[in-house]
Amino acid sequence: MSKVDEWIQYLKIKRRPIEKVVAKVVVYALLITISYVFLFPFFSMLSLSLMSPQDIINVEIDYIPRSIYFGNFRIALAVMDGFRALFNSIWFSAVLAVSQTIISALTGYAFARYQFRFKGILFALILVSFIVPVPIIFIPRFMMFIGVQSSTGIKMIGTVIPQMVMALFGQGVNSAILILIFYNFFRMIPGVLYEAAKIDGATPFKQFWEITVKMSLSTIVVVFLFSFVWNWNETYVTNQLIGDNMVLLPSQLGIFDTLFQNRAPAIPGQEGEARINEAYRMAATIISMIPLFIIYFVAQRQFVEGIEQTGITGE
Amino acid sequence: MAKREKQLSDRQMLKAIQRSNDQNLIAYSFLIPWLIGFAVFTVGPFFFTIYLSFQDVQLTGLGWEYTNIGMENFITAFFGNIDFVPAMISFITLEITYVPAIVIFSFILGILLNRNIKFRGGFRTIFFLPVIVLSGSVMDQLINNEATTLDDFSENIIFTMLNNYSPFFAEIMLSLFQNFTMVLWFTGIPIILFINGLQKINQSLFEAAKIDGATNWQILWKITIPIIRPTALVVAIFTIVQIGMYSINPVFTLIQQSMYNFQGGLGLSSAYALVYTMVVLLFVGIAFLVLGTKREKIEVKLTSIQKRNFEMIREKRLERKGVKQDG
């Protein structure tokens, strides 16, 4: 056997491991490239927000600023009325999230625990309610709240009330998904527990409270966080029902340019150079995202598992 | 004895009925808030918007005033307003280009992440991040300040060639590539759904296929994709709905602007919303057509004679049982 033949023989035996290594390298390369594309906007946002006004107009600087400059954040905070907006956004989203969590739990429980008439149809309706686009149902909702406001004199538009009412009746942001998360978790609680409680004379609501709620605290947290984040990020309905009556972070970011023009010249030490640039905008964007970043890095596992728990894979 | 048995079963039946009535009552008392909300805030408004789109709505001192104007709003939408048709077209292009791209990419990423690799959790964390931190206004800021644009592909030789061939197609491809980040940002939840679906596939199927000498490529097309199709349908519908929610969708802005005009604007914006909804539902329908699986139903139709035969057989069996028990 010649040397070449031996070599070929060797390759034939070793072929599979080599193939496997190549496949692994390709997979990692793909994943890392895609991760880069995912994160690229965040990197460029961060680098832009740390540039001083001189760095921004400097053609030589692409991504890495000469020196780290935090002035943009100071100005963005002042322009957006940052701390008040942050405080408002937090309680606003929290109120809506609590309402949504309660109603989703009740609805999910009814579907998971009981057999009742029209169950199938109602369950399908929950899924359908997810598909219906917001604009087609929003106009009458809006008119409804204006009607209530003008007939009762209670201020509705510009407060949290309209959205809270809708959330409490299960029609908030992505309510269907929240209900599904609860439904799938509640289904896993063994029925024997309820039977035992029933024999001991527990009322249905007591069964719900003592068994279901107390056993699913982690799921409740997941649903609350999802709801919080979605309400925070929801701007379409919020903009129309709240408008500029309440200072909220995401909506302040939406009108950042106008705010900047009105307010920046009044910031001390800033009179001369009050010209808007990307750095200010990116700093503002980062400020509005910080709370969500914190939530995500504390509870990232729970978020992913929450979506897994919806169990919607098509069956 | 037969009589007693019957009585017992009657009582059991009554009990069962009572229990199910109780269940109905309890279940509905848990459901009632959602039911009311669904009726008042979703079903009602849905039909009311349809009604509004044929009306001229004015806010007067006495409240809302409606006058029937037939198709006027739709005529204004399509021929009077110069913004609506372009906005609709760009929304449709958005759906046509983004949805397939998102479904395909999330499927590929799902497969990659379903393998046994290191830092799986880390990658998943990165891919899910946009779901949490992106709001409409954040996305606007990032796009407007070109933080999402990876590179300028328009000078690329392939795009120049495409442009000579078909400018329209070239433009679509260009926007897809330049906003590739945007496509990826929508894959957060779909990836999780795909991974979940992939993990539910019975592993022995793959083993059996491998023993029969199937290549990985064949396994992908013959086993994985057919099984994952329902998941792909869910993902497609989810994406169709989600894309509309962000302000990259120009129709939303249009509806919003028109809504603030209380002198006749509400009817017009209802017409916009109705057309928009029809388009979204049309896309959902297309998704069902493309990705929906046909359930093969085996329908057994019994002729009346066959039915009689079955009944007779059953009766005979019961009789025999009765004889045995008596004996």
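Quantities reported herein were computed from a predicted structural model and do not represent experimental measurements.

Cut-offs used in this document
- Residues numbered from 1 in each chain as written.
- Chains lettered and ligands numbered in written order.
- Predicted model: local features only at pLDDT ≥ 70, side-chain atom pairs only at ≥ 80, totals over all residues.
- Helix = DSSP H or I, 4+ residues; strand = E, 2+ residues; numbered from the N terminus.
- Buried ≥ 20, exposed ≤ 12 C-beta atoms within 10 Å, placed from the backbone.
- Contact = placed C-beta atoms within 7 Å.
- Rg over C-alpha atoms; globule rule 2.2 N^0.38 Å.
- Domains from an automatic or database assignment.
- Nonpolar A, V, L, I, M, F, W, Y, C, P; charged D, E, K, R; others polar.
- Pairing = 2+ DSSP bridges.
- Core = buried A, V, L, I, M, F, W, Y, C linked by C-beta atoms within 7 Å.
- Axes fitted to C-alpha atoms, helices over the stretch in contact; angles between N-to-C directions.
- Parallel < 35°, antiparallel > 145°, perpendicular 65-115°, else oblique.
- Left-handed = near helix turned anticlockwise from the far one by under 90°.
- pLDDT = per-residue confidence, 0-100.
- Arc of directions from axis to C-beta.

K.L.:
Pulling in residues and values, what's your account of the overall build of chain B?
P.N.:
Counting its secondary structure elements, chain B contains 14 helices and two strands. Taking all 327 residues of chain B together, the buried fraction comes to 30%. A separation of at least 24 residues holds for 74% of the contacts in chain B among residues at least 6 apart in sequence.

K.L.:
Before we move on, could you go through the overall build of chain A and cite the residues and values that matter?
P.N.:
Along its length, chain A carries 15 helices and zero strands. Relative to the 2.2 N^0.38 estimate, which gives 20 Å for 315 residues, the radius of gyration of chain A is 27 Å and therefore markedly larger than a compact globule would have. Oriented by its inertia axes, the alpha-carbon framework of chain A measures out at about 80 × 80 × 35 Å. Taken over 315 residues, chain A has a buried fraction of 39%. Long-range pairs, those at least 24 residues apart, make up 76% of the contacts in chain A with a sequence separation of at least 6.

K.L.:
Residues and numbers for the domain arrangement of chain A, please.
P.N.:
When its domains are assigned, chain A resolves into domain 1 (3-49) and domain 2 (82-309). If you average the C-alpha positions of domain 1 of chain A and of domain 2 of chain A, the two centres end up 41 Å apart.

K.L.:
Got a sec to walk through the interface of chain B and chain A? Specific residues and values, please.
P.N.:
With 77 residues of chain B in contact, the opposing surface of chain A contributes 69 residues. Tallying contributions element by element places helix 1 (residues 2-52) of chain B first for the side of chain B that touches chain A, with 22 residues. Split by residue class, the side of chain B that touches chain A holds 50 nonpolar, 23 polar and four charged.

K.L.:
If you had to explain the pairing of strand 2 (residues 63-68) of chain B to someone new, which residues and values would you point to?
P.N.:
In the case of a regular strand, side chains alternate between the two sheet surfaces. Residue and element names in this part refer to chain B. Of all six residues in strand 2, zero are buried, a share of ten percent or less. Taken together, the six bridges between strand 1 (residues 55-60) and strand 2 define a ladder with antiparallel strand orientation. By the bridge assignment for strand 2, D56 is matched with T67.

K.L.:
Give me the lowdown on the nonpolar core, citing residues and values where you can.
P.N.:
Side chains that are nonpolar tend, in soluble globular proteins, to be buried together. Core analysis: the biggest nonpolar cluster contains 142 residues, and F182 of chain A together with A236 and Y272 of chain B have the highest contact counts within it. Viewed by domain, this core spans two of them, domain 1 (3-49) and domain 2 (82-309) of chain A, each represented by three or more residues. Those residues in contact with F182 of chain A that sit more than four places away from it in its chain are S104, A105, G108, Y109, T219 and V223 of chain A.

K.L.:
Please provide a residue-by-residue account of the environment of E60 of chain A, values included.
P.N.:
Position of E60 of chain A relative to the elements: it lies in the loop between helix 2 (53-57) and helix 3 (71-80). Taking the C-alpha atoms as reference points, E60 of chain A and F182 of chain A, separated by 122 residues in sequence, lie 54 Å from one another.

K.L.:
Tell me about the environment of I157 of chain A, and please be specific about residues and values.
P.N.:
Residue placement: I157 of chain A occurs in the loop between helix 6 (134-152) and helix 7 (161-168). When residues no more than four places from it in sequence are discounted, the contact partners of I157 of chain A are F145, I146, Q149 and L241 of chain A.

K.L.:
Describe unusual backbone geometry, naming the residues involved and giving the relevant values.
P.N.:
The phi dihedral of F118 of chain A is positive, around 65 degrees, even though this residue is not glycine. Topologically, F118 of chain A is positioned in the loop between helix 4 (82-113) and helix 5 (119-131). One non-glycine residue, F119 of chain B, lies in positive phi territory at about 60 degrees. With respect to the helices and strands, the residue F119 of chain B is situated in the loop between helix 3 (84-113) and helix 4 (120-133).

K.L.:
Quick one: what's the story with the packing of helix 9 (residues 191-199) of chain A against helix 10 (residues 204-215) of chain A, residue by residue and with numbers?
P.N.:
All names here are of chain A. Interhelical geometry of helix 9 versus helix 10 gives an angle of 135 degrees and a closest axis separation of 10 Å. With respect to each other, helix 9 and helix 10 are oriented oblique. Note that helix 9 runs across helix 10; the crossing there is right-handed. Along the contact surface, helix 9 presents L193, Y194, A197 and K198, while helix 10 presents Q207, E210 and I211.

K.L.:
For the confidence of the model for chain A, give the residues involved together with the corresponding values.
P.N.:
In the predicted model, chain A carries a mean pLDDT of 83, and 92% of its residues have values of at least 70. Mean pLDDT per element in chain A: helix 2 of chain A is the minimum at 75, and helix 4 of chain A is the maximum at 91.

K.L.:
Any chance you could break down the environment of G44 of chain B for me, citing the residues and the numbers?
P.N.:
Secondary-structure assignment places G44 of chain B in helix 1. For G44 of chain B, a count of 15 C-beta atoms within 10 Å puts it in the partly exposed group. The spacing of G44 of chain B and I192 of chain B is 148 residues in sequence and 34 Å in space, taken between C-alpha atoms. Aside from chain neighbours lying at most four places away, what touches G44 of chain B is P140 of chain A together with A39 of chain B.

K.L.:
Run through helix 3 of chain A, naming residues and quoting values.
P.N.:
All names here are of chain A. Turning to helix 3, its buried residues number three or more, namely N72, I75, A76, V79 and M80. Down the axis, helix 3 shows its buried residues gathered within 120 degrees of arc, on one side only. Just beyond helix 3, the residue with positive phi is D81, at close to 60 degrees.

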